[in-house]
Amino acid sequence: MKKVFLSALIAFASLTASAQMNGGSFGFGGQQQQIDLPISEKFIDVNYADDGQAYHNLDIYLPKEKKESYPVVIHIYGSAWFSNNSKGMADLGTIVNALLKAGYAVVCPNHRSSQDALYPAQINDIKAVIRFVRGNAKKYHFDTNFIATSGFSSGGHLATLAATTSNCKEFKVEETVYDLEGNVGNYTNESSSVNAACDWSGPIDLMHMDCAGPPKMQFSPEEAIMGKSLKTDLQYFAALSATTFVDKNDPPVIILHGTDDSVVPFCQSEILNNVLTEAGVKHEYVPVQGGNHGFNGMYDQPNLDKMINFLNDLRK
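Computed from a predicted model, the values in this text were never measured in an experiment.

Before going further, it helps to examine helix H3 (residues 92-101). By the criterion of burial, H3 is predominantly enclosed, with eight of the ten residues buried. Those residues of H3 not exposed but buried are Leu-92, Thr-94, Ile-95, Val-96, Asn-97, Ala-98, Leu-99 and Leu-100.

Below you can see the structure in the form of structure tokens.
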């Protein structure tokens, strides 16, 4: 099994190398991109769990124009849940740059990888980040009247899952209870709900990752994070799927996905669009014609503008 996992990881890293070079964030290390961001202040390696672990560090960027407080977007890197220290590769030159220019404070967190801990550790970490933002509003000039999640690829999954589970603390599959909230950090009395989510090319329905076709990987990233087999334990992957938790009370979501994505099938966003429409959740669906996984037009200015306009309209 270990050899199979390593082969899958190597194949995945090779497949997504071009995405990393073109704006996506599939770095498996903690290297920091050298990006000249429009900021007034930054805070690097702040530990949101108060446990000294690098996988619980986050970076905070405040916009260049100084204000008393800023609306917040928590942007999550993509790594197929394999990386625990890629916040420095979290689309800084594209998505983060656009958010800062639009006046949003941006928080880029690490989270535990699938090799550190099985699910739901990853969503527990993101919810801890949301609570940390509320608990430290005064210190870091956060306006907690508006907190959104955003993410690319597996980061898009966690961003969307954080939104659709805003009112769901746990989920049971047979005899297994998944604690979706967790108790990471010192701010467990704070809310982990968000006002919006931005999903960039995220895997959303992990029970149907390959669009009803046969699985393309012998051992997939979703199997690694769940510690279960899609062939024998499919029902458990409902707990990992953002679509499972969609209801009419969910916050608005913007979905951006390339129609030619060779890593996360485009159908994932089609499924999310359909489920959100059926539930009556406010959302915007942006199929990027010819776009691939983090490149081929995915981060063109019109798409970044659609994200900013979507968030700005929600704050009016």
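Our focus in this paragraph is the nonpolar core. Note on soluble globular proteins: their nonpolar side chains tend to be buried together. Grouped together as the largest cluster of nonpolar side chains are 57 residues, with contacts concentrated most on Ile-74, Val-107, Tyr-119 and Phe-142. The element contributing the most residues to this core is helix H4 (residues 121-135), with seven residues. Sequence-distant contacts of Val-107, that is, excluding residues within four places in its chain, are made with Leu-58, Asp-59, Ile-60, Val-72, Val-73, Ile-74, His-75, Val-129, Val-133 and Phe-142.

The subject of this paragraph is the pattern of salt bridges. In total, this model carries six salt bridges according to the counting rule given. Salt-bridge contacts for Asp-59 lead to Lys-87; the nearest nitrogen and oxygen are separated by 2.8 Å. Of the two residues, Asp-59 is situated in strand S2 (residues 57-63) and Lys-87 in the loop between strand S3 (70-76) and H3; the sequence distance between them amounts to 28 residues. Comparing Asp-59 with Lys-87, the two get one shared label, buried. For the salt bridge of Lys-316 with Asp-313, the shortest nitrogen-to-oxygen distance reads 3.1 Å. In this structure Asp-313 comes out as partly exposed when scored by relative accessible area, which is 43%. Put simply, Asp-45, Asp-59 and Lys-87 are held in one network by salt bridges that share partners.

Here helix H9 (residues 301-314) is 14 residues long and its end C-alpha atoms lie 20 Å apart, about the 20 Å a rise of 1.5 Å per residue gives. Turning to H9, its buried residues are Asn-303, Leu-304, Met-307, Ile-308, Phe-310 and Leu-311. Down the axis of H9, the buried side of the element spans an arc of 155 degrees, and every buried residue falls inside it.

This brings us to the confidence of the model for the protein chain. Mean pLDDT over the protein chain stands at 90; residues scoring 70 or higher make up 87%. Every residue in residues 1-32 scores below 50 in pLDDT, and together they form 73 contacts with partners more than four places removed in sequence or on other chains.

A word on the state of the cysteines. Enumeration over the complete set of coordinates arrives at one disulfide. Linked covalently through their sulfurs, Cys-211 and Cys-267 form a disulfide whose S-S length is 1.9 Å. With the S-S dihedral at roughly -90 degrees, the linkage between Cys-211 and Cys-267 falls on the left-handed side. Of this pair, Cys-211 sits in the loop between strand S8 (196-200) and helix H7 (221-226) while Cys-267 sits in helix H8 (residues 267-279), and the two are 56 residues apart along the sequence.

What follows concerns the packing of aromatic side chains. Geometry of an aromatic ring pair is reported as the spacing of the ring centres plus the angle between the planes. Enumeration according to the criterion identifies ten aromatic pairs in this entry. On the basis of an interplanar angle of 75 degrees and a centroid distance of 4.9 Å, the ring pair of Phe-43 and Tyr-140 is categorised as edge-to-face. One end of the pair, Phe-43, is in strand S1 (residues 39-47); the other, Tyr-140, is in helix H5 (residues 137-140), and 97 residues separate them in sequence. For Tyr-140, a relative accessible area of 5% puts it in the buried group. Of the aromatic side chains, those joined through ring pairs into one cluster are Phe-43, Phe-132, Tyr-140, Phe-142 and Tyr-187.

For the rest of this paragraph, the subject is the environment of Glu-170. Topologically, Glu-170 is positioned in strand S6 (residues 170-173). For the pair Glu-170 and Glu-181, spaced eleven residues apart in sequence, the C-alpha to C-alpha distance is 7.1 Å. Leave out the neighbours within four places in its chain, and Glu-170 touches Val-177, Tyr-178, Asp-179 and Leu-180.

Across the chain, the bulk of peptide bonds are trans and the bulk of non-glycine residues have phi less than zero. Here the bond from Tyr-119 into Pro-120 is cis, since omega is 20 degrees, no more than 30 degrees from zero. Here the phi dihedral of Asp-45 falls at roughly 60 degrees; this positive angle occurs in a residue that is not glycine. As for its position among the elements, Asp-45 is in strand S1. Even without being glycine, Glu-174 reaches a positive phi, approximately 55 degrees. Relative to the assigned elements, Glu-174 resides in the loop between S6 and strand S7 (176-179). The class for Glu-174 is partly exposed, based on a relative accessible area of 49%.

Before going further, it helps to spend a moment on the packing of H4 against helix H6 (residues 154-164). Relative orientation of the contacting elements H4 and H6 amounts to 70 degrees, with a least axis distance of 10 Å. Relative to H6, the element H4 lies roughly perpendicular. Remark: the crossing between H4 and H6 carries right-handed chirality. Listed contacts from H6 to Gln-122, Ile-123, Ile-126, Lys-127 and Ile-130 of H4 are Leu-158, Leu-161 and Ala-162.

Parameters at a glance
- Residues numbered from 1 in each chain as written.
- Predicted model: local features only at pLDDT ≥ 70, side-chain atom pairs only at ≥ 80, totals over all residues.
- Heavy atoms only, no water.
- Buried < 20%, exposed > 50% of the residue type's maximum accessible area, 1.4 Å probe, protein only.
- Helix = DSSP H or I, 4+ residues; strand = E, 2+ residues; numbered from the N terminus.
- Core = buried A, V, L, I, M, F, W, Y, C linked by side-chain atoms within 4.5 Å.
- Contact = heavy atoms within 4.5 Å.
- Salt bridge = Lys/Arg side-chain N within 4 Å of Asp/Glu carboxyl O.
- Expected span 1.5 Å × (residues − 1).
- Arc of directions from axis to C-beta.
- pLDDT = per-residue confidence, 0-100.
- Disulfide = S-S within 2.5 Å.
- Phe/Tyr/Trp six-rings, centres within 6.5 Å; stacked < 30°, edge-to-face > 60°.
- Axes fitted to C-alpha atoms, helices over the stretch in contact; angles between N-to-C directions.
- Parallel < 35°, antiparallel > 145°, perpendicular 65-115°, else oblique.
- Left-handed = near helix turned anticlockwise from the far one by under 90°.

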